[in-house]
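Now for the letters of each chain:
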Amino acid sequence: QPGQKISDLLVMYARRVGALVGVSADAHLQFFLPNYSQGPSYSIRYLRRGEGNNVLAARRVDSLSPMYTDVTVVAENPIYQIVRPDGVETFVPQFTKLYGKAKPEHWPPETLALPFRRRAVFSDGEIVDKPSRRARWYQRRGLFDAHVLTYTVRGHHQGGLWWESDTMCDVQDEVSGVSGNYYVSAVQCARDMESGDRTTVTLRRPGLLDEIPLDA
């Protein structure tokens, strides 16, 4: 349509199939799912006693706003006309409603559930198949954004490995109260004359944006 960009359509399609969109170092557009099964390539240590720490600055953000126990997406499915050699067999110039649902039981295991119900309802008029995938992606994406860890570390690599996104990191943070393997969602490298090389690493909970199973 006039004014649309190809990226708008590709990102919209990625949301419907539950994929992420990125750009590779050689400027290729990529559709991908996070690789949560890989082992941790890096480690974050932020201990109260200070010994062995490798963190210059740390920040933890927990937000309720993107978390929903019940999500409903309203879609439209066109009733197609079936054209036969002897004429049009079916023609209904209308659209039927499709409803996709995501419930609390669709939250991934080991995810802290809300003790109350919180609903979200939105529409996507161009979904014609499996609207529940869109609803569950919306729910999981909210969980993905609800808990964010940000660390600033010295240098642009650790143990000879350059910091990269779509990797895993082992976190032991007594100050922020988190531990375990986290997914590296973003990496930003910086350099100045005063502080030298620094890397800001953004971490999210793993196991949220992988393949979304559907019963139908």
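For the structure itself, look to the data block above.
Residues numbered from 1 in each chain as written. Predicted model: local features only at pLDDT ≥ 70, side-chain atom pairs only at ≥ 80, totals over all residues. Heavy atoms only, no water.

Points about the overall build of the protein chain
Within the protein chain one finds two helices and 15 strands. Here the protein chain has a C-alpha radius of gyration of 22 Å; the compact-globule value for 216 residues is 17 Å, and the former is much larger. Overall size of the protein chain, expressed as C-alpha extent along the three principal axes, is 80 × 45 × 30 Å. Taking all 216 residues of the protein chain together, the buried fraction comes to 33%. For the protein chain, the share of sequence-separated contacts (at least 6 apart) that also reach a separation of at least 24 residues comes to 69%. Carbon and sulfur atoms make up 50% of the accessible area of the protein chain, which totals about 13,300 Å². (Helix = DSSP H or I, 4+ residues; strand = E, 2+ residues; numbered from the N terminus. Rg over C-alpha atoms; globule rule 2.2 N^0.38 Å. Buried < 20%, exposed > 50% of the residue type's maximum accessible area, 1.4 Å probe, protein only. Contact = heavy atoms within 4.5 Å. Areas by Shrake-Rupley, 256 points an atom, 1.4 Å probe, with all protein chains shown as cover.)

Details of the state of the cysteines
Throughout this description, disulfide means a covalent bond between two cysteine sulfur atoms. Tallying each qualifying case throughout the model produces zero disulfides. Cys169 forms no disulfide, and the closest cysteine sulfur to it belongs to Cys189, at a distance of 14 Å. For Cys169, a relative accessible area of 0% puts it in the buried group. Owing to a relative accessible area of 42%, Cys189 belongs among the partly exposed residues under this scheme. (Disulfide = S-S within 2.5 Å.)

A closer look at the packing of aromatic side chains
Taken as a whole and assessed by the stated rule, the structure comprises four aromatic pairs. When the centroid spacing of 4.2 Å and the interplanar angle of 20° are considered together, the rings of Tyr42 and Trp163 count as stacked. Linking Tyr42 in strand 3 (residues 42–46) with Trp163 in the loop between strand 12 (161–162) and strand 13 (167–173), this pair joins segments that are 121 residues apart in sequence. Put simply, the rings of Tyr68, Phe122 and Tyr138 pair up and form one aromatic cluster. (Phe/Tyr/Trp six-rings, centres within 6.5 Å; stacked < 30°, edge-to-face > 60°.)

What to know about the pairing of strand 1 (residues 20–23)
Side-chain alternation along strand 1 places Leu20 and Gly22 on a buried face and Val21 and Val23 on a face that remains uncovered. Where strand 1 lies against strand 2 (residues 29–32), four bridges are found, and the strand directions are antiparallel. Bridge assignment links Leu20 to a residue of strand 2, and that residue is Phe32. Where strand 1 folds back on strand 2, the antiparallel hairpin that results is connected by five residues, among which Ala27 adopts a positive phi of roughly 70°. (Pairing = 2+ DSSP bridges.)

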